[in-house]
Amino acid sequence: VPRLNYPLLDGVVQDCPTLLLEPTRANSLSRSEEFNLWGDTGVTVTTDATIAPTGAQTADLLTSSANNWRRSFSYTVTNGGGYVFSCFVKKHTTTNKIRFEIYRGASATNLDFEFSTEVLSASDSNLTSLKVKKYPNDWYRVSCKFTANGTTAIVYAYPSQGYSSSGSAYFWGAQVEAGSYPTSYIPTSGSAVIRTADTVKLENFADIPTSYPFT
């Protein structure tokens, strides 16, 4: 069954899809949607609080107080390996800025996203290739690339500006994959999931177009 990629322009789905062909990738975060099962339990999680980008009501609302800041999830990495983190986020009420803290194995960098300006920024140069992609219904997918400097990494999710600040925001579809760019979302629920490479084969087609390349 072919997968189709519909282009997005300012969060609006466009016509004329393309065939989606991606390499083999694995989502190392084994609880990609169940933020209630992440660590640092001080932050309140309201499960399935709103409609996720898939159209199903599976996105969680995270709410922090001044003394309970974040949720966390640890996973195994290869020291020196390149990885890409991504997550879908959506604004809730008055909170304008949320934060991810990317602990790479020996040190961490903050990844901040401001809803009003749609700007994603990092606290140092260890996070690169920062990207924001706008989806329908005010969802955003934020992503960045990093190099592991240990063997156990952690993602921290803050529904606020960080330490000692309160806030709330919707989170869904967290992903860490080995590679140099983010691929389509790979859902997990208890274990890492591998999506095998998409392949296409054209043969016995006398009138195959020649005005564009096939790879």
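Higher on the page you've got the structure.
Residues numbered from 1 in each chain as written. Predicted model: local features only at pLDDT ≥ 70, side-chain atom pairs only at ≥ 80, totals over all residues. Heavy atoms only, no water.

Colleague: In this structure, what is going on with the sheet that holds strand 9 (residues 82-91)? I would like to understand it.
Modeller: What links the strands of a sheet is backbone hydrogen bonding, and the strands pair in either a parallel or an antiparallel sense. Taking strand neighbours across the sheet as the criterion, the six strands line up as 6-7-16-9-14-13 in an open arrangement whose pairing is antiparallel. Only two strands of the sheet have a single neighbouring strand rather than two, namely strand 6 (44-50) and strand 13 (128-135). Averaged over all pairs of adjacent strands, the angle between strand axes in this sheet comes to 30°, irrespective of strand direction. Pairing of strand 9 with strand 16 (residues 167-178), which is carried by eight bridges, proceeds in the antiparallel orientation. Following the sheet pairing, Tyr 83 is matched in strand 16 by Ala 178. (Pairing = 2+ DSSP bridges. Helix = DSSP H or I, 4+ residues; strand = E, 2+ residues; numbered from the N terminus. Axes fitted to C-alpha atoms, helices over the stretch in contact; angles between N-to-C directions.)

Colleague: What's the story with the pattern of salt bridges in this structure? I'm lost.
Modeller: A pair can form between side chains of opposite charge whenever their charged atoms are brought close. Applying the stated criterion across every chain, the model contains seven salt bridges. A salt bridge links Asp 40 to Arg 70; its shortest N-O distance comes to 3.6 Å. Taken as a pair, Asp 40 in the loop between strand 5 (25-27) and strand 6 and Arg 70 in the loop between strand 7 (59-64) and strand 8 (71-76) lie far apart in primary sequence, 30 residues in all. The class of Asp 40 is partly exposed, set by a relative accessible area of 36%. Classification of Arg 70 as buried rests on a relative accessible area of 17%. For Asp 112, the salt bridge identified is with Arg 99, shortest N-O distance 2.6 Å. Here Asp 112, found in strand 11 (residues 108-114), pairs with Arg 99, found in strand 10 (residues 97-103); they are 13 residues apart in sequence, far enough to count as distant. Accessibility expressed as a relative area gives 16% for Arg 99, which makes it buried. Residues joined in a network through salt bridges with shared partners are Asp 40, Arg 70 and Glu 101. (Salt bridge = Lys/Arg side-chain N within 4 Å of Asp/Glu carboxyl O. Buried < 20%, exposed > 50% of the residue type's maximum accessible area, 1.4 Å probe, protein only.)

Colleague: Just to check I follow, could you spell out the pairing of strand 14 (residues 139-147) for this structure?
Modeller: When a strand is regular, its side chains alternate between the sheet's two faces. Burial runs high along strand 14: seven of the nine residues are buried. Inspection of the sheet shows strand 9 paired to strand 14 by nine bridges, in the antiparallel sense. When the bridges of strand 14 are listed, Tyr 83 appears paired with Phe 146. As paired strands, strand 13 and strand 14 are joined by six bridges and run antiparallel to one another. The residue bridging Thr 128 from the neighbouring strand is Lys 145, located in strand 14. Two successive antiparallel strands, strand 13 and strand 14, enclose a turn made up of three residues, where Asn 137 displays a positive phi of approximately 60°.

Colleague: Whenever I open this one, the state of the cysteines confuses me. Can you help?
Modeller: Note: disulfide means a covalent bond formed between the sulfur atoms of two cysteine side chains. For the structure on display, the rule yields zero disulfides. Left without a disulfide partner, Cys 144 is nearest to the cysteine sulfur of Cys 87, which lies 11 Å away. The exposure class assigned to Cys 144 is buried, which follows from its relative accessible area of 1%. (Disulfide = S-S within 2.5 Å.)

Colleague: Quick question: what am I supposed to make of unusual backbone geometry here?
Modeller: The backbone of Asp 48 shows a phi angle near 50°, a positive value even though the residue is not glycine. Owing to a relative accessible area of 40%, Asp 48 belongs among the partly exposed residues under this scheme. Unusually for a residue other than glycine, Thr 93 sits at a positive phi of about 50°. Here Thr 93 lies in the loop between strand 9 and strand 10. For Thr 93, a relative accessible area of 55% translates into the label exposed.

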